[in-house]
Each structure stands twice: as structure tokens, then as C-alpha cells.
Amino acid sequence: VSEVVIALCAGILTGFMLRKKTRLLQVADTAGAVAVFPLLLLLGVTFGSNGAVLRNLPRLGARAALISLSGVAGSAALSALVYRRLFRKEEGHED
Amino acid sequence: MKTNLLIVLCFAAGVCLGRFTLLASFVPLSGSVTFVLLALIFLVGAGVGGNVGVWHVLKEMRLRILLVPLTVVVGTTAGVAAAAVFLRGIPFFQSLAIGWGFGYYSLSSVIVTRTWGDMLGMTALIANLIREIATLLLAPFLLRLFGKLAPIAAGGATSMDTTLPVISRVSGKEYAVISVFSGMVLTLLVPVLLPLLSKLR
């Protein structure tokens with residue numbers, strides 16, 4: 001089991017035990033939002049110091065767009081099936 | 001959207017620092033990234049674990065609601081597999097690692113960078129940012145084409161927060177609960193699925 005999964009499980013357990021302490025959970029929520037900034041800054045430093053990443057940016061960007069948009073298309077298309085079969089009927093009207 | 005812009009600016013500042021200064025050779029980067037990453041994952045878990053609403057939703061909607069995040073996982077995998085034809089030079093599992101970020105660009109790009117290196121990490125960052133932006137822009141179009149679950153499915157992990165306002169406006173308020181639930185499950189899946197993929201490389 002990786003350290004990542006341990007951190008996640010410890011977090012869920014802690015959150016569940018503290019579920020009545022909404023104030024504290026709000027602080028944790030804010031801390032999580034703030035942690036993203038140093039994370040992305042450090043990631044930027046890593047990428048910026050790697051010349052190969054910057055040189056290959058157009059190629060990486062094109063790949064990224066292809067992967068991401070095909071993922072979106074696949075998810076949305078499959079969701080149409082689930083929606084028609086399981087969700088639309090219960091709304092009581094066809095649209 | 002404002003927060004997003006700030007995050008992108010923060011990242012751009014980092015790139016400049018890395019490019020034009022020698023910071024990268026002085027700061028023990030991988031160590032500090034690991035620490036912040038684990039702290040972030042812990043906090044994400046705490047947010048979900050402490051959310052009483054999640055358990056209520058699961059009880060009320062029963063197992064049917066689990067189909068929504070499952071649809072996103074299967075649909076994304078199918079989409080990436082279809083795109084693999086055009087992705088020569090990059091192994092399928094690595095493309096899948098990028099797709100399985102489900103729009104959660106901060107966490108997924110760090111995990112991908114740690115496992116597969118800078119090039120793939122950068123690709124993961126761009127790809128998952130695009131997923132979020134595409135959902136924000138295409139939500140009305142996806143709704144007309146594929147129905148009310150489509151904007152939620154497109155949003156992936158972001159459907160619990162950043163893309164939620166657009167989703168609830170387009171699909172209707174009654175779909176906001178499903179949207180938050182699906183986004184939460186996917187958010188939790190990212191740090192679980194990516195290490196699994198790394199075993200396959």
C-alpha cells in the first residue's frame with residue numbers, strides 16, 4: 001500500500017471522527033485549498049528547470065488535448081445510456 | 001474560475017523561477033512536493049469523511065448513484081483507448097494515467113510527475129485543466145446531445161466544486177446532489193487508481 005493511500009484513509013477516518021466539528025472541518029477545507037498553491041508552484045519550478053519539457057510544450061499540449069477531450073466524449077456518451085435507462089424515467093416526464 | 005487563474009499564475013511563477021533561477025538545484029524539490037502532496041490528500045480525505053451528506057445521499061439514492069462515477073471511469077477509459085490509435089509513442093497505461101486524473105489537475109499532475117517523470121506530468125496538468133475548462137464551456141452542448149448526466153460525467157472530479165455551478169444551472173438543481181457525490185467519489189479515486197496504474201507502467 002502506498003503512502004498516498006495511507007494518507008487518504010487517515011484523512012477519511014479523521015474527518016469521519018470529527019464530522020460534528022464543522023468549524024474544524026472548515027479550517028481543513030481552507031487548508032486544502034491553500035495547499036494547492038505551493039504544490040503547483042513547486043511543480044512549476046520542477047518543469048521550468050527541465051528544458052526538455054519547455055521545448056516539447058506544443059507536442060505535449062496536443063497530446064493532452066486529445067486525451068482529455070476523448071475522455072470527456074467517452075464519459076458523456078456513456079452517461080447518455082445510464083441517463084435514459086435509469087434516471088429519466090423517474091422524473092415523470094420525457095424531455 | 002478566479003481561484004483557477006490564481007493557481008495557473010502560481011504555476012507560471014514557478015516555471016519562471018525554475019527556468020531563470022537556480023532555485024531547482026538548491027531546494028530539495030521532490031521531498032517538499034511529497035510532503036505537501038500527502039498533506040493535501042489527507043485534507044481531501046478529511047473533507048469527504050466529515051461530510052455527513054455523502055452517506056445520506058448514498059442511502060437515499062441507493063446504489064444507482066454509484067453508477068454515475070463508474071460511468072465516468074469506464075467512459076474515460078473507453079475514450080482514451082479510442083484515442084490511443086493517434087497516440088503513438090506513448091504507452092496506453094500512461095495515457096490512461098493522464099485520463100484518470102478526471103480533471104483533478106493539481107493532485108493528478110503531481111502523482112504522474114512522481115511516477116512517470118516531468119514530461120508526462122506536464123501533459124497530465126494540461127489535459128486535466130482542459131477537462132475542467134471544456135466542461136465549463138461545453139456543458140449546455142453536452143446536455144442537448146447526451147442528456148442531464150452528461151455535464152456531470154464530463155466534469156469528472158471537478159463536478160463537486162469548480163464546475164458545480166454550471167452543472168446545476170444546465171442540468172437543474174435536482175442534479176446538484178448527484179454532481180457533488182460523483183465528484184467526491186472520483187476525487188477519492190484519483191490517489192487510489194494512479195498508484196495502481198503505476199504498477200503496470
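Scroll up for the structure.
This one's a predicted model, so the numbers in the text were calculated from it and none came from an experiment. (Residues numbered from 1 in each chain as written. Chains lettered and ligands numbered in written order. Predicted model: local features only at pLDDT ≥ 70, side-chain atom pairs only at ≥ 80, totals over all residues. Heavy atoms only, no water.)

1. So, the packing of helix 2 (residues 22-48) of chain A against helix 7 (residues 105-116) of chain B
Where helix 2 of chain A meets helix 7 of chain B, the axes come as close as 10 Å, and the angle between the chain directions of the two elements is 40°. Considered as vectors, helix 2 of chain A and helix 7 of chain B are oriented oblique to each other. Seen along the crossing, helix 2 of chain A lies across helix 7 of chain B with a hand that is left-handed. Counting all contacts with helix 2 of chain A, which are made through V36, L39, L40, L43 and F47 of chain A, the residues of helix 7 of chain B involved are S106, S109, V110 and T113 of chain B. (Axes fitted to C-alpha atoms, helices over the stretch in contact; angles between N-to-C directions. Helix = DSSP H or I, 4+ residues; strand = E, 2+ residues; numbered from the N terminus. Parallel < 35°, antiparallel > 145°, perpendicular 65-115°, else oblique. Left-handed = near helix turned anticlockwise from the far one by under 90°. Contact = heavy atoms within 4.5 Å.)

2. Things to note about the packing of aromatic side chains
Evaluation of the coordinates by the stated rule reveals three aromatic pairs over all chains. Ring centres of F92 of chain B and F93 of chain B lie 5.8 Å apart, and the angle between their planes is 50°; on these two criteria the pair is classed as tilted. Taking relative accessible area as the criterion, F92 of chain B reaches 32% and is therefore assigned partly exposed. By relative accessible area, which is 32% here, F93 of chain B ends up partly exposed. Above the plane of the ring of F16 of chain A lies R19 of chain A, whose end atom (NZ or CZ) is 4.1 Å from the centre. (Phe/Tyr/Trp six-rings, centres within 6.5 Å; stacked < 30°, edge-to-face > 60°. Buried < 20%, exposed > 50% of the residue type's maximum accessible area, 1.4 Å probe, protein only. Lys NZ or Arg CZ within 6 Å of the ring centre and 35° of its normal.)

3. Quick word on the pattern of salt bridges
Under the definition given, this model contains one salt bridge over all chains. The closest approach of N and O atoms between R114 of chain B and E3 of chain A, which form a salt bridge, is 3.2 Å. In this pair, R114 of chain B is assigned in helix 7 and E3 of chain A in helix 1 (residues 3-17), connecting two distinct chains. With a relative accessible area of 40%, E3 of chain A lands in the partly exposed category. (Salt bridge = Lys/Arg side-chain N within 4 Å of Asp/Glu carboxyl O.)

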